[in-house]
Amino acid sequence: MFMDVEKKVAATPLLDELEKGDWPSFVTEIKKAAKTSKMAQGLLEQVEASYVEKIGHWKHGGIVGVKGYGGGVVGRYSDDPERFPDAREFHTMRVNQVPGFFYTSEKLRALADIWDKYGSGLYNMHGSTGDIILLGTTTENLQPCFDALGEIDFDLGGSGGALRTLSCCCGEARCEKSCIDAMDMMYDLTMHYQNEMHRPAWPYKFKIKISGCPNDCAAASARSDMALIGTWRDAIQVNQEEVRKYVAAGMSMVHVCRKCPTEALDWDAKTETLSVKTEDCVRCMHCINVMPKALHIGKERGITIQIGGKAPVVKGAMIGWILVPFMKAEAPYTEIKDLVEKITEFWAENGKNRERLGELVERLSLATFLEGIGLKPLPQMVSAPRANPYIFWKEEEVVKNG
Amino acid sequence: MFMDVEKKVAATPLLDELEKGDWPSFVTEIKKAAKTSKMAQGLLEQVEASYVEKIGHWKHGGIVGVKGYGGGVVGRYSDDPERFPDAREFHTMRVNQVPGFFYTSEKLRALADIWDKYGSGLYNMHGSTGDIILLGTTTENLQPCFDALGEIDFDLGGSGGALRTLSCCCGEARCEKSCIDAMDMMYDLTMHYQNEMHRPAWPYKFKIKISGCPNDCAAASARSDMALIGTWRDAIQVNQEEVRKYVAAGMSMVHVCRKCPTEALDWDAKTETLSVKTEDCVRCMHCINVMPKALHIGKERGITIQIGGKAPVVKGAMIGWILVPFMKAEAPYTEIKDLVEKITEFWAENGKNRERLGELVERLSLATFLEGIGLKPLPQMVSAPRANPYIFWKEEEVVKNG
Amino acid sequence: MARTDFGPPNYKTMLPPIITRNYGKWLYHEVPQPGVLRHVSETGEELYSVRVASARLVSSDFIRDISDIAEKYCGGFLRFTTRNNVEFLVSDKAKLEPLLKELDEKDYLVGGVGLSISNIVHTQGWIHCKSAVTDASGLTKNIMETMVDYFTGKKSVPARCRIAVACCVNMCGACHCSDIAVVGIHRTIPRINHELASKICEIPNTIASCPTGAIRPNPKMKSIEINHDKCMMCGNCTVVCPAIKIMDPENDGVSIWVGGKVSNARSKPMFSRLAIPFIPNNPPFWPEVTDAVTHLVETWASNARPGERMGEWIGRIGWERFFAITDLPFTDKHLDDFTHANTTFRSTTQFKY
Amino acid sequence: MARTDFGPPNYKTMLPPIITRNYGKWLYHEVPQPGVLRHVSETGEELYSVRVASARLVSSDFIRDISDIAEKYCGGFLRFTTRNNVEFLVSDKAKLEPLLKELDEKDYLVGGVGLSISNIVHTQGWIHCKSAVTDASGLTKNIMETMVDYFTGKKSVPARCRIAVACCVNMCGACHCSDIAVVGIHRTIPRINHELASKICEIPNTIASCPTGAIRPNPKMKSIEINHDKCMMCGNCTVVCPAIKIMDPENDGVSIWVGGKVSNARSKPMFSRLAIPFIPNNPPFWPEVTDAVTHLVETWASNARPGERMGEWIGRIGWERFFAITDLPFTDKHLDDFTHANTTFRSTTQFKY
Ligand code: SRM
Ligand code: SRM
Ligand code: SRM
Ligand code: SRM
Ligand code: SF4
Ligand code: SF4
Ligand code: SF4
Ligand code: SF4
Ligand code: SF4
Ligand code: SF4
Ligand code: SF4
Ligand code: SF4
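Along each chain, residue indices are assigned from 1 in the same order as the chain's sequence is written. Chain letters and ligand numbers both follow the written order, the letters beginning at A and the numbers at 1. With the structure being a predicted model, the display of local features is reserved for residues of pLDDT at least 70 and the display and counting of side-chain atom pairs for 80 or more, all residues being used for whole-chain, interface and lining totals. Neither water nor hydrogens contribute to the side-chain values; these are computed over all heavy atoms in the structure.

Peer 1: Got a minute to help me understand the overall build of chain C in this structure?
Peer 2: In this text, helices come from DSSP runs of H or I with a minimum length of four residues, and strands from runs of E with a minimum of two, each type numbered from the N-terminal end. Counting secondary structure elements, chain C contains 10 helices and 14 strands. Principal-axis analysis of the C-alpha atoms gives chain C an extent of 75 × 70 × 35 Å. For the exposure calls, accessible area comes from a 1.4 Å probe over protein chains only, and a residue counts as buried if that area is under 20% of its type's maximum, exposed if over 50%, partly exposed in between. Expressed as a percentage of its 353 residues, the buried residues of chain C come to 66%. Every residue pair with non-hydrogen atoms within 4.5 Å of one another is taken to be in contact. Within chain C, counting contacts between residues at least 6 apart in sequence, those at least 24 apart form 62% of the total.

Peer 1: Would you take a moment to explain the relation of the copies chain B and chain A for this structure?
Peer 2: Two chain copies here: they are related by a rotation about an axis and a translation along the same axis. All copies are superposed by least squares; the fitting set is the C-alpha atoms of residues with a pLDDT of at least 70 in both. Of the two same-sequence chains, chain B is brought onto chain A (RMSD 0.0 Å, axial shift 0.0 Å) by a rotation of 180 degrees. Read as a symmetry element, the transformation amounts to a two-fold axis. Across chain B, the smallest distance between a C-alpha and the rotation axis is recorded for B:Arg258, namely 5.5 Å. Same-surface contact between copies: 100% of interface residues of chain B are shared with the interface of chain A.

Peer 1: What am I meant to see in the site of ligand 9 here?
Peer 2: The local shell around ligand 9 consists of C:Thr123, C:Gln124, C:Cys129, C:Ser131, C:Ala132, C:Cys167, C:Cys168, C:Asn170, C:Met171 and C:Cys172. In terms of residue class, the shell around ligand 9 is made up of 6 nonpolar, 4 polar and no charged. Proximity is defined per residue: if any heavy atom of the residue lies within 4 Å of a molecule or strand, that residue is considered near it. Polar here means any residue other than Ala, Val, Leu, Ile, Met, Phe, Trp, Tyr, Cys and Pro, which are nonpolar, and Asp, Glu, Lys and Arg, which are charged; Gly is therefore polar.

Peer 1: Quick question: what am I supposed to make of the coordination of the iron atom of ligand 3 here?
Peer 2: The textbook angles at a metal center are 109.5 degrees for a tetrahedron of four donors and 90 or 180 degrees for an octahedron of six. Coordination partners: N, O, S within 2.8 Å of the metal, 3.2 Å for Na, K and Ca; water not considered, so apparent gaps in a site are possible. In this structure, the iron atom of ligand 3 receives exactly one donor atom from the protein: B:Cys217 (SG), at 2.3 Å. Looking at the element boundaries, B:Cys217 is found in the loop between strand E9 (208-211) and helix H9 (220-223).

Peer 1: Where do I start with the interface of chain B and chain C in this structure?
Peer 2: When the parts of a complex come together, some accessible area is lost, and that lost area is often used as the size of the interface. Taken together, the contact between chain B and chain C spans 114 residues of the former and 107 residues of the latter. Values labelled buried area give the accessible surface lost by two parts on being combined, using a 1.4 Å probe and summing over both. Carbon and sulfur atoms make up 61% of the surface buried where chain B meets chain C, a total of about 9,300 Å² over both sides. Any Lys or Arg side-chain nitrogen found within 4 Å of a carboxyl oxygen on Asp or Glu counts as a salt bridge. Inspection of the chain B/chain C interface yields 9 salt bridges. Between C:Arg64 and B:Asp116 there is a salt bridge whose closest N-O contact spans 2.7 Å. Among the elements that take part in the side of chain B that touches chain C, helix H5 (residues 105-118) of chain B stands out by supplying 8 residues, more than any other. Among the residues forming the side of chain B that touches chain C, the class breakdown is 50 nonpolar, 29 polar and 35 charged. By this definition, two strands are paired if DSSP reports at least two bridges between them. Pairing between strand E6 (residues 122-125) of chain B and strand E4 (residues 57-59) of chain C: 3 bridges, direction antiparallel. Looking across to E4(C), one finds that B:Asn124 is bridged to C:Leu57.

Peer 1: Teacher, can you tell me more about the coordination of the iron atom of ligand 1 here?
Peer 2: When only protein atoms are considered, the iron atom of ligand 1 has one donor, D:Cys172 (SG), at a distance of 2.4 Å. Checked against the element boundaries, D:Cys172 lands in the loop between strand E7 (163-166) and strand E8 (180-185).

Peer 1: Which parts of the structure should I look at to understand the interface of chain B and chain A?
Peer 2: Taken together, the contacts link 5 residues of chain B with 5 residues of chain A. Sorting the residues of chain B by area buried against chain A places B:Pro312, B:Pro389 and B:Tyr390 first, and these three jointly supply 61% of that buried surface. Any pair of N or O atoms that falls within 3.5 Å is considered a polar contact. Within protein, one atom must be able to donate a hydrogen and the other to accept it, and sequence-neighbouring residues count only if both atoms are side-chain atoms. Counting across the interface, chain B meets chain A through 2 residue pairs in polar contact (both at pLDDT 80 or more). The class makeup of the residues in the side of chain B that touches chain A is 5 nonpolar, no polar and no charged.

Peer 1: Just checking my understanding: could you explain a negative patch on the surface for this structure?
Peer 2: Together, A:Glu371, A:Glu395, A:Glu396 and C:Asp229 give the surface a local cluster of negative charge. Note on placement: A:Glu396 falls in the segment after helix H15 (366-373). Each patch is assembled from residues with relative accessible area greater than 30% and no salt bridge, linking like charges that lie within 9 Å and nonpolar side chains (Val, Leu, Ile, Met, Phe, Trp, Tyr) that lie within 5 Å. Throughout, the Shrake-Rupley method with a 1.4 Å probe supplies accessible areas, and for residues the shown protein chains are the sole cover considered. The sign given to each residue is positive for Lys and Arg and negative for Asp and Glu; His and the chain ends receive no count. Where a charge lies is defined by one atom per residue type: Lys uses NZ, Arg uses CZ, Asp uses CG and Glu uses CD.

Peer 1: Explain unusual backbone geometry here, please?
Peer 2: Negative phi is the rule for most residues except glycine; trans is the rule for most peptide bonds. Note that the residue after B:Ala331, namely B:Pro332, is joined by a cis bond; omega there is 0 degrees. Summarising the element assignment, B:Pro332 is placed in the loop between strand E16 (321-327) and helix H13 (334-350). The omega torsion of the bond from C:Pro283 to C:Pro284 falls at 5 degrees, within 30 degrees of zero and hence cis. Position of C:Pro284 among the secondary structure elements: in the loop between strand E14 (273-280) and helix H8 (287-303). Of note, the phi angle at A:Asp216 is positive, near 55 degrees, even though the residue is not glycine. Even without a glycine there, the phi angle at C:Arg266 is positive, about 60 degrees. On the secondary structure map, C:Arg266 appears in the loop between strand E13 (253-258) and E14. Take C:Arg266: its relative accessible area is 16%, and that puts it in the buried class.

Peer 1: How do you make sense of the pairing of strand E2 (residues 36-41) of chain C when you look at a structure like this?
Peer 2: Regular strands place their side chains on alternate faces of the sheet. Residues and elements named next belong to chain C. Burial of E2 is extensive: 6 of the 6 residues sit out of reach of the surface. Side chains of E2 alternate between two faces, with Val 36, Arg 38 and Val 40 and Leu 37, His 39 and Ser 41 buried alike. As judged from the 5 bridges shared by strand E1 (residues 26-33) and E2, these two strands associate in the antiparallel manner. Note that in E2 the partner of Glu 30 across the bridge is Arg 38. Connecting the antiparallel pair E1 and E2 is a turn made up of 2 residues, with Gly 35 showing a positive phi of about 85 degrees. As paired elements, E2 and strand E3 (residues 46-52) share 5 bridges and run antiparallel to each other. When the sheet's bridge partners are listed, Arg 38 is paired in E3 with Tyr 48. Count of turn residues in the E2/E3 antiparallel hairpin: 4 residues, of which Gly 44 carries a positive phi of about 95 degrees.

Peer 1: What is the right way to read the sheet that holds strand E10 (residues 226-232) of chain B from this model?
Peer 2: Within a sheet, adjacent strands bond to each other through the backbone by hydrogen bonds, running parallel or antiparallel. Residue and element names in this part refer to chain B. Across the sheet, which stays open at both edges, the 5 strands sit in the order E8-E9-E10-E15-E16 with mixed pairing between neighbours. Because the sheet does not close on itself, it has two edges, and the strands there are strand E8 (167-168) and E16. Alignment of E10 against strand E15 (residues 301-307), held across 7 bridges, turns out to be antiparallel. In the sheet register, Thr 231 faces E15, and the bridge partner there is Gly 302. This element, H13, spans E9, E10, E15 and E16 of the sheet and lies at about 155 degrees to E16. Working convention: axes come from line fits to C-alpha atoms, limited for helices to the stretch in contact. Angles between N-to-C directions cover 0 to 180 degrees.

Peer 1: Even after reading the chapter, I still don't get helix H4 (residues 136-152) of chain C, so can you show me in this structure?
Peer 2: Residues lying three or four places apart along an α-helix face the same way, a consequence of the helix completing one turn every 3.6 residues. All names here are of chain C. The angle between axes fitted to the seven-residue stretch ending at a residue and the seven-residue stretch beginning at it gives the bend at that residue. The largest bend in H4 is about 60 degrees, located at Thr 146. Burial analysis of H4 places 14 of its 17 residues in the buried class, the great majority of the element. Backbone geometry just downstream of H4 places Gly 153 in the positive-phi region, at approximately 90 degrees.

Peer 1: Which parts of the structure should I look at to understand the pattern of salt bridges?
Peer 2: Once their charged atoms are close, side chains differing in charge can pair, the charge on each being opposite to the other. All names here are of chain D. Applying the stated criterion to the full structure yields 94 salt bridges over all chains. One salt bridge in this structure joins Arg 309 and Asp 179, with 2.4 Å as the shortest N-O distance. With Arg 309 in the loop between helix H8 (287-303) and helix H9 (310-317) and Asp 179 in the loop between E7 and E8, this residue pair connects regions lying 130 residues apart in the sequence. One exposure class covers both Arg 309 and Asp 179, and it is buried.

Peer 1: In this structure, what is going on with the packing of helix H2 (residues 60-74) of chain D against helix H3 (residues 96-105) of chain D? I would like to understand it.
Peer 2: Geometrically, a packed helix pair is captured by the angle between its two axes and the distance between the axes. Residue and element names in this part refer to chain D. Where H2 meets H3, the closest approach of the two axes is 10 Å, and the angle between their N-to-C directions is 160 degrees. Overall, the two elements H2 and H3 adopt an arrangement that is roughly antiparallel. Considering the relative orientation of H2 and H3, their crossing is right-handed. Where H2 approaches H3, its residues Ile 69, Lys 72 and Tyr 73 are matched on the opposing element by Pro 98, Leu 99, Glu 102 and Leu 103. Considered class by class, the residues forming the contact of H2 with H3 number 5 nonpolar, no polar and 2 charged. Roughly parallel means an angle under 35 degrees; roughly antiparallel means over 145; roughly perpendicular covers 65 to 115; every other angle is labelled oblique. Two helices cross in a left-handed way if the nearer one is turned anticlockwise from the farther one by less than a right angle. They cross in a right-handed way if the turn is clockwise.

Peer 1: Can you walk me through the nonpolar core in this structure?
Peer 2: What tends to happen in soluble globular proteins is that the nonpolar side chains get buried as a cluster. By nonpolar core is meant a set of buried Ala, Val, Leu, Ile, Met, Phe, Trp, Tyr and Cys residues that side-chain atoms within 4.5 Å join together. Counting residues in each nonpolar core, the largest one holds 184 residues, and the members touching the most others are A:Phe369, C:Phe322, D:Val50 and D:Phe88. The greatest single-element share of this core, amounting to 8 residues, is contributed by H4(C). When near neighbours in sequence (up to four residues on either side) are disregarded, C:Phe322 contacts C:Val258, C:Ala275, C:Leu296, C:Trp313, C:Ile314, C:Ile317, C:Asp327 and C:Leu328. With 183 residues, the next largest nonpolar core counts A:Leu18, B:Met197, C:Leu100 and D:Leu139 among its residues.

Peer 1: Hey, could you run me through the sheet that holds strand E16 (residues 321-327) of chain A in this one?
Peer 2: All names here are of chain A. Strand order in this open sheet of 5 strands is E8-E9-E10-E15-E16, and the pairing throughout is mixed. The open sheet has two edge strands with one neighbour each: strand E8 (167-168) and E16. For strand E15 (residues 301-307) and E16, the ladder comprises 4 bridges, and the chain directions are antiparallel. Directly across from Ile 307, in E16, lies its bridge partner Trp 321.

This is how it looks when you write it as structure tokens:
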């Protein structure tokens, strides 16, 4: 069987070039898989053709999937099945990753065994949204593969007009800066919204990402319709002793203080003390980042919620903006769930087909959106108030006249 | 005659309140005029009514004007001539002010004599665009008044879809910071464009304003479709002796340097010298403003041209943006005139009715506009390049394909 | 036929000899006392400019009076400023004190120079404009009445504070870049006289005149109708069709905007932004408006750093802090919903509580 | 019927005991050597994380190999990062050196921590996406090949530099906020197979799918046509109608964007902005792209201040200076012409020559 496969491998001179060098090679990975997988071989051949012709060879899949789910699988077919028979069908399964991307070798091996059996033996660890991407299987293998994955507790993630697979940074598991239990929050919300994730019922995709602090290591604000970012409300914890050590070690407090966006930091060289004006601190993390041993996040912790983040298609990219400046965030995260429901309901009702949340709010106006979900306007939601005089007034706000 | 007028003055209790206090009172001024002018009286009565009823009483004028001109007069009629017979007709004449607003008493007296004869004896010194506003006369008096004004060399300014009356700061006449001869430039351009000013032939108003330096005392960038702002290209002239005097007098160089937007300023306390990194200086004027005795504008002078400035109607206000970073500006200002012609031609051809230049450029794109007037793109024209991936490519830029 | 296209008087014939001699040669200036500028030329000559307040809306008497003064002390030479003050140009230093004395006796207000609050750039209002939602002259008189000490220099400010008043959103004063702007606004949609409209309304033009597409035809009445939800009360349609009226004494009033600037000094020019969405018209004193402006000026003056203009101060502390310090309510009206609205949304976790 | 809606494995069962014990108790961290993180807990325990590069597109062999290693040195515990690197979680300090040794022997690249250039966030490309204009994996391999020393710490950088690659403007990698982004773009408008379109194109939907309204019906052919001047080559219509094709090997290629960031550290998040409008696809090495990226990284690294990311550096010196220093041509393509274009125009006289 092995030999048999070997023989068939077509020459891939261009791709072979990319096996060279120090950086890990995706070509080498595909070839490893191709040793035992016809599909991986087919992929290799088709991609080589793309390299020669400078064009892709995939066409959009019809709807394929598994029983009971409306998503989690992306259908893919070669646009030239005669030429690339082994790549004829090449669907991907989006498998919901473990929050924080933590795994045991045991789990990974089990996964590999299943995927070698039902698929190409190729993966993306991980997809940009966060899923484990099982890259390439046939329509007929989808269901058995899914069933087998279930045996080892791996479920599918989201696709289509649904809640997409959440992702988060490692949070409290491996980071001193985490203001929240990011991984637990992701796990809890994921379990709570299984139906919303597996059965698309919304105008378009909806993404939630969670970062433990404003460093935003999950890149949540740029990539999610709803970003939950850990933050705090009280004072940064300062250990003056450790600060002095950093200074002794040669750190320039002038430079550190100069980079504080709000001049909240001040270093008194005489008394050798660092003062932080809490009311001016905007929790940008800078000082904590450069002096992790000396400075620590505050004690009264919660999240800032940003909404509207997305890529350019089609109204232009957006970075999420503040909807809720501060919210406590302890299990079972009821307040967060209530808000998610309010938002998605409003969006489901008012959103056009393929209109992301951010685009909807832009179209209807932030004021209308806030009214719709029952939040009151706050200056923290904007960087500045309106500069144009075109204020809308409701009939009930003015004196009735003929 | 005098007594006779007196009697008729109706009571104006609300306006009378505004004669009190220290700040000069427009009511007192109107009353002074009303002593001899029926029209001023009529105005007083109608405005009192407006104060009582909280509503204006003017309606749009039909086209009124003087022979040979298409503008310079704003027609005004009372919306209730029965009630305010003396305000029945109340047209204003926009009289082109002297560049820099310099006058001799003789000239002003001559003007007053004419206006007492043909109009209300009321003025705006000056209108927001810059004109002397002769406030209130009748249709029949327009021509004789204009003829009389001609005798003393006062011509009308612009109105309607025409070049509007220019204005400028006092420039070299009374300011050490002026990089250009603002007043001469205004005078020269005004004389050159008399036809464009007096015979509306454009989609909408077109305004040119001139400031001698980036302090922009003529508020040109906010209020003109084309703002000519004096600037320089070489180094700021520094007199270290005088700088030291400012320091000796207690000026904090730390604070001065901190306010430089580009960190181009540096004060060496040891050698007591102020250094200016010319390549980093963006000529914001700050340091020159605070130390006029020590710092002086550079020697290689010219203008920065900003276009598109305007009030909100109807696409939103715009602050003029840079079209030409630097241009020499010596009489007869040929280069400037060529550009004005290119711009107004493009606008006249492509602009919709009531579309200001800035709105046109926004609609067609800056690239299209630059191509249209034959200027090449420069990074100085924008604060940042595009962030969206929707680049337009012309057919001739790419390889033809089936 | 009369002379045409001869333009304004040549400025050269309007300049005092000292300016003609030192044109383009000025070296520096000082402010020896409030309201007075001393410009020194490289020739050593010095010019004193004395700035006095004006109502802008003036009479022939006023014109003749300042002419008298100019003749007595300035060889008949004077000028006006871009903010409508009058400047007496004194070339003979000996005449400075007597001039100031006479101005004081005649109750002219000397000031508006340097770190002060100068005259208000304003517009026509009920005095002359058909679009006026309020009266610019009245507002200006009342506001400056409360600012007199800042004009004369009795009270000081951290930086210039440019106040502007416009009687409608056309903003003829170009309020849109002022430290403090008072702008007349409507709060109700235009009312249509269908009777009249059916006769004179050029329906396509009227529909086209609406920036938000709020106007649609009303075939039954051969007229038009306005969609309330889409109408932003800009009044543009009223310019095009006389059958449309938007004036509404009960609901019209003024809004207050802050933080704009024009100069490029230190910071870039900035737009004025909404502070107070609405204050009713309350002539002759508009007390709510003058109180609001005074409050804004005092809060800024007591909190800003030296040299920090309103918008620079707010830029440093942040708008959330501005609304907290001024104790002004932040409402749905403050949220931008116009073309570039989402560029004003706060796309960062950085904010102050 | 199979089990559904049971979600991912519970993370608690995937954590090494040391993390379970110190969950939420970490006090601080250090970077004892490139690629290694030392997190210290308030309990005094310390965890060593060793980060190694991954191609992201990996095989079962790779999965099993890192599992072997994890079992040998980490009790079988490992994780992946949000930038697709692998992290071995070492609780027994004694095993750190041996682990690093084996990784070195097996040619794993250790690095990507702290001040370094970490892995590239990228997308499917020709490997799996129907919309791919270029190949993300190939670009990533080639670019990182030139960045290896910045990854391993042999060469240092002033701050983090996040590189992203997306094979089309959908930007699945969310390139729009990266220090350097490489994005596949089209330069020709879609071509319509009228024959096919007349049969299968849902014309109204297709017309509606165009953000710029560039598509109009072509009744004669029962098809549609595209207005070249209005088409911004976004490809959106091709998702809706299979009869529309936009792929064009000769004219498709990549664009390069710079200065974006996501973190709120110091400065607010920023969008990446256009640096180089177009570079042709040149597989397998894309030399023009790797040269451009190297040039950008080196110019930034040698000019920025410590701690200054690409966008912060450009923000300080100004874009006009950026184009001068990098010697990149500034063209009409760099001028924004999309929705908020005029917010990018320079509304000040402040600029550098
Ligand atoms: C697989 C993945 C890229 C990868 O290699 O990692 C991916 C692949 C596709 N994305 Fe994506 N997107 C992926 C993460 C993203 C992200 C990043 C994220 O989720 O954090 C974004 C930017 C954030 C966002 O959503 O705005 C993203 C923005 C898009 C867009 C633009 C959406 C927008 O509103 O701007 C499209 C276009 C569309 O939806 O029609 C899109 C569409 C697609 C499609 C379905 C295009 C298509 O119709 O074929 C791609 C399927 C490729 C395939 O055959 O598998 N994908 N896509 C990522 C999902 C893997 C996973 O589940 O973990
Ligand atoms: C008289 C004056 C106000 C004043 O009291 O000083 C004025 C008065 C009018 N302006 Fe203005 N504008 C005056 C300077 C301005 C300025 C300031 C400037 O020119 O520097 C602006 C802002 C800058 C600009 O042009 O954008 C200005 C922006 C407008 C606009 C909005 C234009 C826009 O594109 O946003 C309109 C509306 C229109 O044109 O329909 C307008 C329209 C009007 C009309 C004609 C409204 C009308 O149709 O009745 C006003 C006539 C009032 C009257 O009866 O005299 N006026 N107008 C100013 C002209 C006096 C002079 O010639 O010196
Ligand atoms: C007389 C006048 C020009 C004219 O031809 O009429 C003028 C004259 C001077 N201006 Fe101005 N500016 C004049 C209107 C303006 C305007 C326009 C306006 O207010 O509508 C501006 C832009 C306003 C804005 O930015 O919103 C203006 C922004 C400046 C600045 C920058 C202020 C700032 O810090 O932002 C300076 C520099 C300074 O103050 O040191 C300046 C400085 C000066 C100096 C000191 C220049 C000099 O060396 O002579 C002049 C002395 C007057 C003074 O101190 O008040 N002038 N100046 C105008 C007097 C108006 C008035 O009666 O108060
Ligand atoms: C492991 C990881 C989170 C995870 O759950 O996987 C992570 C972990 C840490 N990040 Fe991060 N960041 C990780 C992705 C990110 C991302 C997301 C991305 O790159 O796509 C960002 C936002 C990127 C951006 O701003 O564009 C990110 C922005 C930061 C920052 C702010 C950087 C800045 O100066 O702007 C810090 C603070 C610092 O560097 O001092 C930071 C700091 C850290 C610290 C030092 C936090 C801590 O105390 O443990 C962690 C050590 C890792 C290191 O030094 O590289 N982490 N970090 C991610 C590693 C990715 C990788 O393999 O390289
Ligand atoms: S986002 Fe904050 S908490 Fe999460 S890993 Fe990054 S620094 Fe740590
Ligand atoms: S966290 Fe940021 S804002 Fe707060 S003090 Fe530190 S540097 Fe300043
Ligand atoms: S703009 Fe400049 S030159 Fe003109 S008056 Fe103001 S400071 Fe002087
Ligand atoms: S003019 Fe402005 S930018 Fe130039 S050095 Fe002075 S303060 Fe700095
Ligand atoms: S601001 Fe409006 S009301 Fe006032 S003068 Fe200008 S157009 Fe007329
Ligand atoms: S007021 Fe303005 S927005 Fe309202 S209908 Fe008239 S033109 Fe349209
Ligand atoms: S960026 Fe475009 S081409 Fe690449 S995976 Fe995403 S949708 Fe497909
Ligand atoms: S590519 Fe985009 S812009 Fe062009 S026609 Fe298709 S949808 Fe419209």
